[in-house]
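# Structural features, examined
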Amino acid sequence: MSKIHHDVLTAAAQDALRAPSVLNTQPWRWRIDADVLELHADRDRQLPVADPGGRLLLLSCGATLHHARIAMAAAGWSAQVRRMADTFTDDLLARILVGAPKQSSADERAMHQAIDRRRTDRRPFGDEPVPPEAVQKLVAAAEAEQTKLHRVPIGQMPILAIAAAAGDAEMSDPQYRGELMRWANRPSWSGDSVPADTIVRRVPRRVPVRELTMPPQEGMTVQPGGDRGAAYFVLFGDGDDAPDWLRAGEALSAVLLTAVALGLSVAPISDVIEVAHPRELVRGLLAGRGHPYIVLRCGLGGPTEDLATAPRRDPAEVIRERSDPQ
Ligand SMILES: Cc1cc2nc3c(=O)[nH]c(=O)nc-3n(C[C@H](O)[C@H](O)[C@H](O)COP(=O)(O)O)c2cc1C
């Protein structure tokens, strides 16, 4: 085994822990076996109520896979990735080998630098619109990952707002509320949870966002802003099978990191995909062009440094050598 390759893979898995995940579940495990880095789903961290089919788990795992690829690229190595998620119940999702040394691109370096700065920014954005050149770069970032980004035009905004309000229906399900309580309010030592200082009290917005505050949590108080200048996107693609959702997670990471590299604030909205009726409304926005994977709200927000950081699990728990005791 080459010590250099082993170190490259270890560093990539460590950077990948910063990836976003639904309710910060971090539903993945990394295994290093000689010169191979394996990505596994952690089914104990799948959300049985919000995500019974495992689609959001695959989006989250795709995001961590893309973070690992970007870390390798920024370190000057090509990644040979074999994606292995054929069905929604497969646990081995991908294998990564270190390929030939390769000069990283400016985009790859910018995305890598954005990994530590990126936060889900739930604050409402102000009036200033997202510049058209930035929109083009976000679209290109999705396309580079074989996925597409639909900018929701002004005429479709009422439908998106209705879909988002309908997504809130999950809150009337006691089982969903139990799941939210369990994952959002975890003890600080757990390395997961969605801490109160990363969530926002309810304020009027163009498109309602997922309610994550549950008593006794209240969330931070913010200026109204109303998201007037925000741009909304639907990440979508041709397929609705497991490989498509893993790839969509990679695209999600690419779009989020590109947005942050461009100085934009961004937040995923997935309750509209979790519930059948709003999902069909969002699908309708695509006019037959594909399957929606997730919605993104993007805009010019306050400084990201003002946002608290959501915790991550202990690397020793998530990244294991094959030789480690299981
Ligand atoms: C598949 C997926 C779905 C998500 N859905 C939502 C959502 O509906 N609302 C929200 O505020 N954040 C959502 N998030 C963001 C996560 O809550 C966030 O990534 C996690 O809490 C870690 O925080 P960070 O992104 O600031 O590192 C989602 C993230 C992923 C990857």
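Every value quoted in this text rests on a predicted model; they were computed, and no experiment measured them.

Okay, the overall build of the protein next. Helix and strand counts for the protein stand at 10 helices and nine strands. Relative to a compact globule of 326 residues, whose C-alpha radius of gyration would be 20 Å, the protein shows 19 Å and is just as compact. The principal-axis extents of the C-alpha atoms in the protein amount to approximately 55 × 40 × 40 Å. In the protein, which comprises 326 residues, the share counted as buried stands at 54%. Surface summary for the protein: the accessible area is close to 13,800 Å², and the carbon and sulfur share equals 54%.

As a further point, take the packing of helix H2 (residues 55-74) against helix H3 (residues 106-117). Taken N-terminus to C-terminus, the directions of H2 and H3 make an angle of 120 degrees; their axes are 9 Å apart at the nearest point. Considering the angle they form, H2 stands oblique to H3. In the crossing of H2 with H3, the sense of the turn from one axis to the other is left-handed. Of H3, the residues touching H2 (which contributes His66, His67, Ile70, Ala71, Ala73 and Ala74) are Glu108, Met111, His112 and Ile115. A breakdown of the residues in the contact of H2 with H3 according to their chemical character gives six nonpolar, three polar and one charged.

Our next topic: helix H7 (residues 242-261). Taking 1.5 Å per residue, 20 residues should reach 28 Å; H7 reaches 29 Å between its end C-alpha atoms and fits that length. Of all 20 residues making up H7, 17 are buried, and the element is well covered by its neighbours. Two residues or fewer past H7, Gly263 is found with a positive phi of approximately 85 degrees.

Note that strand E1 (residues 28-33) and strand E2 (residues 36-41) share six bridges and pair antiparallel. The residue bridging Trp28 from the neighbouring strand is Ala41, located in E2. Connecting the antiparallel pair E1 and E2 is a turn made up of two residues, with Ala34 showing a positive phi of about 55 degrees.

For the structure shown, the criterion picks out one aromatic pair. Seen in terms of ring centroids, Trp245 and Tyr293 are 4.9 Å apart; in terms of plane orientation they differ by 75 degrees. Their pairing is edge-to-face. Of this pair, Trp245 sits in helix H7 while Tyr293 is found in strand E8 (residues 291-299), placing the two residues 48 residues apart along the sequence. Pair check on accessibility: Trp245 and Tyr293 agree, each one buried. When the ring centre of Trp183 is taken as origin, the NZ or CZ atom of Arg186, which lies over that ring, is 4.4 Å away. Lying across the ring of Phe125, Arg297 places its NZ or CZ 4.1 Å from the centre.

This next bit is on the side chain of Glu170. Relative to the elements of secondary structure, Glu170 occurs in the loop between helix H5 (157-167) and helix H6 (174-184). Setting aside anything within four residues of it in sequence, one finds Glu170 in contact with Ala50, Tyr176, Arg210, Asp271, Glu274 and Val275.

Now for the site of the ligand. Near the ligand you find 22 residues, and of these Arg118, Thr120, Arg122, Ser270 and Arg312 are the closest. In the environment of the ligand, an oxygen atom lies 2.6 Å from a nitrogen or oxygen atom belonging to the side chain of Thr120. Arg312 has a polar side-chain atom sitting 2.6 Å from an oxygen atom of the ligand. With the chains in place, 97% of the 620 Å² that the ligand exposes on its own is no longer accessible.

Running from N to C, H2 and H7 cross one another at 55 degrees; their axes reach a closest spacing of 6 Å. The angle between H2 and H7 places the two elements in the oblique class. For the crossing formed where H2 meets H7, the hand is right-handed. Every residue of H7 that contacts H2 at Arg55, Leu58, Leu59, Cys61, Gly62, Ala63, Leu65, His66, His67 and Arg69 is listed here: Ala242, Trp245, Leu246, Arg247, Ala248, Gly249, Glu250, Ser253, Ala254 and Leu257. A class-by-class count of the residues in the contact of H2 with H7 yields 11 nonpolar, five polar and four charged.

On to the nonpolar core. Soluble globular proteins: nonpolar side chains tend toward being buried together. Judged by nonpolar contacts, the single largest core of 94 residues is most densely connected at Trp30 and Leu235. Of all the elements, H7 adds the most residues to this core, at 12 residues. The residue makeup of this core includes at least three contributed by each of domain 1 (3-117) and domain 2 (132-306). When residues no more than four places from it in sequence are discounted, the contact partners of Leu235 are Ala142, Thr147, Lys148, Leu149, Ala248, Ala251, Leu252, His291, Pro292, Tyr293 and Ile294. Membership of the second largest hydrophobic core comes to five residues, among which are Val200, Met220, Val222 and Leu307.

Definitions and limits used
- Residues numbered from 1 in each chain as written.
- Predicted model: local features only at pLDDT ≥ 70, side-chain atom pairs only at ≥ 80, totals over all residues.
- Heavy atoms only, no water.
- Helix = DSSP H or I, 4+ residues; strand = E, 2+ residues; numbered from the N terminus.
- Rg over C-alpha atoms; globule rule 2.2 N^0.38 Å.
- Buried < 20%, exposed > 50% of the residue type's maximum accessible area, 1.4 Å probe, protein only.
- Areas by Shrake-Rupley, 256 points an atom, 1.4 Å probe, with all protein chains shown as cover.
- Axes fitted to C-alpha atoms, helices over the stretch in contact; angles between N-to-C directions.
- Parallel < 35°, antiparallel > 145°, perpendicular 65-115°, else oblique.
- Left-handed = near helix turned anticlockwise from the far one by under 90°.
- Contact = heavy atoms within 4.5 Å.
- Nonpolar A, V, L, I, M, F, W, Y, C, P; charged D, E, K, R; others polar.
- Expected span 1.5 Å × (residues − 1).
- Pairing = 2+ DSSP bridges.
- Phe/Tyr/Trp six-rings, centres within 6.5 Å; stacked < 30°, edge-to-face > 60°.
- Lys NZ or Arg CZ within 6 Å of the ring centre and 35° of its normal.
- Near = heavy atom within 4 Å.
- Polar contact = N/O pair within 3.5 Å; in protein donor to acceptor, adjacent residues only side chain to side chain.
- Core = buried A, V, L, I, M, F, W, Y, C linked by side-chain atoms within 4.5 Å.
- Domains from an automatic or database assignment.

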